[in-house]
Amino acid sequence: MTVEGTVSGLEERVVGRAWMVRLDPADRGGAAVRVSCGRPACAPQVLPSAAVGRTAAVAHLATHLRAAPGPRPEASCACRAEECHTHVRADGPRDRAPALRCGGPVVLAVINDRQGRWWQALECCARCAAAHPSAKIVATAPAAPARARAATGPAPAAGARGAAGPPPAPVGPHFSHAASSPAPVPVPVPRAAPAPRTKSRRNRRTGKIAQRFVPHDLHPIALRDELIELGNLFRAYQERPEPDLEQLAELHSRKAKAFRTWAEVTGDTELRLDAERAEQAAAAALLQHQQRTGQSPVGEGEVTNRLLPGLTQWEHARTVLAHVAEHTPLPGPEARLMAVMLTLRSALTGTGNLVGQDVRGLPLTEPEELIGRLVDSGWLSIPGTADDLLESRPESPTPITIPSLMPDGDGQGPFDFGRKTRPKLSGWAQRVVGDKKLRKKKTGAATRLLALALAVRTTTDGRLGPEGEGVDLAVLTSWCAVEPDELEALVEQLTVADWLEEAAVTDGRLTGRLAERVLQVSCPLP
């Protein structure tokens, strides 16, 4: 957009120049953008993304500013020629005359919108430039006495090469997103003397929060100050190098309370909806923080600390149990329970150490025979006999090898967790299988396997299954290596051992919840 010509008034003045560079979508639903310039000689260009387009638009405008003559002292405001709100009188009786709006030297200013969609260069007076919050002054016209202007005519444009030579012709730039030449350094414009600061102006605190400006006259004043402080805190949080979900939840909670009060004061429905969204954001951030730190809500204001903290370790526990279910070498619950414990001992390298107490602590009827069968199947390898393993003590453990868990030629194994995670998973499984009440009730291997299966299939508050809808009985019987009619007896044993509460088998699913005492060993579903 280019404006040139004259306007009539008390004296004839040249209308200031103005042109705009715009950034618009190139096609519906795509990421490409079109950069266009208001100057006739500049053809539009399509660029792949908004970021590349902004770079090209700024570089193009900077080229125009370097090539164009400086601001002319005799020019009138370009925005006045466009009848902007600064110059056009409204219908109100208290509006001041438009002629009183302009003042100060003529400047070449650049203004842009807040979203970075357009940039406009225009010649205007310093007072009009100051009326635009985003204005940046590129150049200022030299001051000239009124008598000299009357005698000699219009002053030459700033930037001319000589008094007698014509001004340089503007260069018609072509779009290039690779251009990186900086724009000219803005020349400061003298500011008018500020008005005396009265007590009422000193109290006019303003701020911004969630793309909303906080009115300086908002009452109560405590609400205004709280909104301004929250806006500053949110902006400071965005500058943090690492997120703090607990702090973010607190900020959203304060924002919800403040916005609800703001809505009651002003009657604005949008503010009430923003308050509800802030409450939801606070709850989501707090839940993420609790899950990452191994905590979850239990009751009103209560949380539980879990043995395995965080979503990642919970998923690793499920991965190990799923692997054992597919690769157990022998049938029966005792062989599967033994495979779980040995897999966790040698998960990363296929090798580990075992002592006799580790095996004797499991509910196995004939541990020597079971170890011998695992060795004969080729799934397990030990340097001596099963009796030697059962007699080994912590000071001289027996090394074991599980060939199927050893990394391949590329160094990849069946699991991708780290060395620090493996002992945590092993300790978690030992805690579940060796639960004190399960040992006192002398529960068998199938019951311990069911306890493991239910520990990794709960919600954050301990309800069984995703969304508390229960667990499929076929999945549980397959994992525990028992017949379907045996499962109810196992559920009853867990209930007596204070592991399950409200357990019920209906419609092919097991519903209920884990007892509060064992919530710390649960691994909630995502």
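Residues numbered from 1 in each chain as written. Predicted model: local features only at pLDDT ≥ 70, side-chain atom pairs only at ≥ 80, totals over all residues. Heavy atoms only, no water.

Caption draft 1: Layout of the overall build of the chain. Scanning the chain from terminus to terminus reveals 18 helices and 18 strands. With 526 residues in all, the chain has 40% of them scored as buried. Considering only residue pairs separated by 6 or more positions, the chain has 60% of its internal contacts joining residues 24 or more positions apart. (Helix = DSSP H or I, 4+ residues; strand = E, 2+ residues; numbered from the N terminus. Buried < 20%, exposed > 50% of the residue type's maximum accessible area, 1.4 Å probe, protein only. Contact = heavy atoms within 4.5 Å.)

Caption draft 2: Examining the pairing of strand β17 (residues 500-506) more closely. In the sheet, β17 pairs with strand β18 (residues 509-514) via five bridges, with the strands oriented antiparallel. In the strand pairing of β18, Thr 506 is matched with Arg 509. Hairpin connection, β17 to β18: the antiparallel pair is bridged by two residues, and Asp 507 has positive phi, about 55°. (Pairing = 2+ DSSP bridges.)

Caption draft 3: Focus on a positive patch on the surface. On the surface, Lys 436, Arg 439, Lys 440 and Lys 441 cluster together into a positively charged patch. As for its position among the elements, Lys 436 is in helix α15 (residues 436-440). (Patch = residues over 30% accessible without salt bridge, like charges linked within 9 Å, V, L, I, M, F, W, Y side chains within 5 Å. Areas by Shrake-Rupley, 256 points an atom, 1.4 Å probe, with all protein chains shown as cover. Salt bridge = Lys/Arg side-chain N within 4 Å of Asp/Glu carboxyl O. Lys, Arg positive; Asp, Glu negative; His and termini not counted. Charge placed at Lys NZ, Arg CZ, Asp CG, Glu CD.)

Caption draft 4: Expanded view of unusual backbone geometry. The omega torsion across His 219 and Pro 220 is 0°, close enough to zero to call that bond cis. In this structure, Pro 220 sits in the loop between β11 (212-214) and α6 (221-238). Phi is positive for Lys 442, close to 55°, though the residue is something other than glycine. By the element assignment, Lys 442 lies in the loop between α15 and α16 (445-455). Judged by relative accessible area, which is 75%, Lys 442 ranks as exposed. Even without being a glycine, Glu 502 presents a positive backbone phi close to 55°. Structurally, Glu 502 can be placed in strand β17.

Caption draft 5: Quick peek at the sheet that holds strand β7 (residues 106-112). With antiparallel pairing, six strands are arranged side by side in an open sheet as β5-β4-β3-β8-β7-β9. The open sheet has two edge strands, β5 (45-47) and β9 (136-140), and neither has a second partner. Each adjacent strand pair in this sheet contributes to an overall mean axis angle of 20°, direction not counted. As judged from the four bridges shared by β7 and β9, these two strands associate in the antiparallel manner. Within the sheet, the bridge partner assigned to Ala 109 lies in β9 and is Ile 137. With respect to the sheet, helix α1 (residues 50-67) is in contact with β3 (18-25), β4 (33-37), β5, β7, β8 (118-125) and β9, its orientation differing from that of β3 by roughly 170°. (Axes fitted to C-alpha atoms, helices over the stretch in contact; angles between N-to-C directions.)

Caption draft 6: Layout of the state of the cysteines. Across all of its chains, the model carries zero disulfides by this definition. Unpaired in terms of disulfides, Cys 37 finds its nearest cysteine sulfur in Cys 42, a separation of 4.0 Å. With relative accessibility at 12%, the residue Cys 37 sits in the buried group. Cys 125 carries a free sulfur, and the closest cysteine sulfur to it, the one in Cys 128, is 3.4 Å from it. (Disulfide = S-S within 2.5 Å.)

Caption draft 7: How the structure looks around a negative patch on the surface. Together, Glu 366, Glu 368, Glu 369, Asp 387 and Asp 388 make up a negatively charged patch on the protein surface. Note on placement: Asp 387 falls in helix α13 (residues 386-391).

Caption draft 8: Representation of the sheet that holds strand β16 (residues 471-472) in the model. If you trace the three strands from one edge of the open sheet to the other, you get β16-β18-β17, paired in antiparallel fashion. Taken across any chain shown, the strands that pair with only one partner, and hence form the sheet edges, are β16 and β17. Packing of helix α18 (residues 487-496) onto the sheet brings it into contact with β17 and β18, and relative to β17 it is tilted by some 165°.

Caption draft 9: Region of interest: the packing of helix α10 (residues 333-345) against α16. Between α10 and α16, whose axes approach to 8 Å, the crossing angle comes to 50°. Between α10 and α16, the angle is such that the two are oblique. For the pair α10 and α16, the crossing hand works out as left-handed. Packed against α10, whose contacting residues are Pro 333, Glu 334, Arg 336, Leu 337 and Val 340, the element α16 presents Ala 445, Ala 446, Arg 448, Leu 449 and Leu 452 at the interface. Of the residues that constitute the contact of α10 with α16, the class distribution is seven nonpolar, no polar and three charged. (Parallel < 35°, antiparallel > 145°, perpendicular 65-115°, else oblique. Left-handed = near helix turned anticlockwise from the far one by under 90°. Nonpolar A, V, L, I, M, F, W, Y, C, P; charged D, E, K, R; others polar.)

Caption draft 10: Region of interest: the pattern of salt bridges. On inspection of all chains with the given rule, the structure shows 19 salt bridges. Residues Glu 315 and Arg 318 are paired through a salt bridge, measuring 3.4 Å at the closest nitrogen-oxygen approach. One end of the pair, Glu 315, and the other, Arg 318, are both in helix α9 (residues 311-327), three residues apart, so they sit about a helical turn from each other. Between Asp 498 and Arg 517 there is a salt bridge, with the nearest N and O atoms lying 3.6 Å from each other. Linking Asp 498 in the loop between α18 and β17 with Arg 517 in the segment after β18, this pair joins segments that are 19 residues apart in sequence. For Asp 498, a relative accessible area of 27% translates into the label partly exposed. Several salt bridges converge on common partners, so that one network encompasses Arg 212, Asp 268, Asp 274 and Arg 277.

The values are spatial; any link to function lies outside them.
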